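Commentary on secondary and tertiary structure
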Amino acid sequence: MKKVKQLILLILVSFVSACSQTPQDKAEDAAVRFSKAMYGLNFDEAKEFCTPDAEKILVFIASNTNDEDLNTLKKAGDVKVSVIESTVYPGDSTATVKLKISNYVQLNMMGRKTCY
């Protein structure tokens, strides 16, 4: 019973904090989560943030990802993403978020060696 109460409290706190996010916070959160997934080679999670057209590009990139890329990622560690600046456009459903991304894997495209 105690664990159920704790779970309910956790869900309520998560719900309230999610509802209290400003549009700018939501845009920044989405950009950071997408970038960590994309540059962390977690394409299934990254797809959640994409339009159908962008999803096609992710599928292409995922199909060109190999074991060498995944091993390089493991050696590199976690992708680091930080927000530099963001702008939410009033009366629109778009935003621009400028990020600094480091410790990511540069995929082996067009015969280049995978590196980080």
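Residues numbered from 1 in each chain as written. Predicted model: local features only at pLDDT ≥ 70, side-chain atom pairs only at ≥ 80, totals over all residues. Heavy atoms only, no water.

Let's talk about the overall build of the chain
Assigned secondary structure in the chain consists of five helices and two strands. Along the chain, helices and strands appear, N-terminal first, in the series α-α-α-α-α-β-β. For the chain, the residues scored as buried account for 21% of the 116 residues in total. The long-range share in the chain, meaning contacts at least 24 apart out of those at least 6 apart in sequence, stands at 46%. About 8600 Å² of surface is accessible on the chain, with carbon and sulfur atoms providing 58% of the total. (Helix = DSSP H or I, 4+ residues; strand = E, 2+ residues; numbered from the N terminus. Buried < 20%, exposed > 50% of the residue type's maximum accessible area, 1.4 Å probe, protein only. Contact = heavy atoms within 4.5 Å. Areas by Shrake-Rupley, 256 points an atom, 1.4 Å probe, with all protein chains shown as cover.)

A word on unusual backbone geometry
Non-glycine residue L41 carries a positive phi angle of around 60°. Along the chain, the position of L41 falls in the loop between α2 (23-39) and α3 (43-47).

Concerning the pattern of salt bridges
Taken as a whole and assessed by the stated rule, the structure comprises three salt bridges. One salt bridge in this structure joins D29 and R33, with 3.8 Å as the shortest N-O distance. Of this pair, D29 and R33 both sit in helix α2, four residues apart, which is roughly one turn of the helix. The class of R33 is partly exposed, set by a relative accessible area of 38%. In this structure, D44 and K47 form a salt bridge, with 3.8 Å as the shortest nitrogen-oxygen distance. On the criterion of helical spacing, the pair formed by D44 and K47 is a turn pair, its members being three residues apart in helix α3. Residue D44 is classed as exposed on the basis of its relative accessible area, which comes to 59%. (Salt bridge = Lys/Arg side-chain N within 4 Å of Asp/Glu carboxyl O.)

Overview of the packing of aromatic side chains
Enumeration over the complete set of coordinates arrives at one aromatic pair. With centroids separated by 5.0 Å and ring planes inclined at 70°, the aromatic side chains of Y39 and Y104 adopt a geometry described as edge-to-face. Here the residue Y39 occupies a position in helix α2, and Y104 occupies one in the segment after β2 (95-102), the gap between them amounting to 65 residues. (Phe/Tyr/Trp six-rings, centres within 6.5 Å; stacked < 30°, edge-to-face > 60°.)

Here we look at the pairing of strand β1 (residues 80-88)
Here β1 pairs with β2 via eight bridges, running antiparallel. In the sheet register, V88 faces β2, and the bridge partner there is A95. Here β1 folds back onto β2 in antiparallel fashion, the turn holding six residues, of which G91 has a positive phi close to 75°. (Pairing = 2+ DSSP bridges.)

Quick notes on α2
The first and last C-alpha atoms of α2 sit 24 Å apart over 17 residues, in line with the 24 Å expected at 1.5 Å per residue. Buried residues of α2: A27, E28, A31, V32, S35, A37 and M38, and no others. Buried-residue contacts for α2 involve α3, α4 (52-63), β1 and β2. Where α2 terminates, the next one or two residues include L41, which has phi positive at roughly 60°. (Expected span 1.5 Å × (residues − 1).)

Digging into the confidence of the model for the chain
Summing up the model confidence of the chain, the mean pLDDT is 79 and the portion of residues at 70 or higher is 75%. β1 holds the highest mean pLDDT among the elements of the chain, 95, whereas helix α1 (residues 2-19) holds the lowest, 46. Across residues 1-10, where pLDDT falls below 50, the model places zero contacts with residues more than four positions away in sequence or in other chains. (pLDDT = per-residue confidence, 0-100.)

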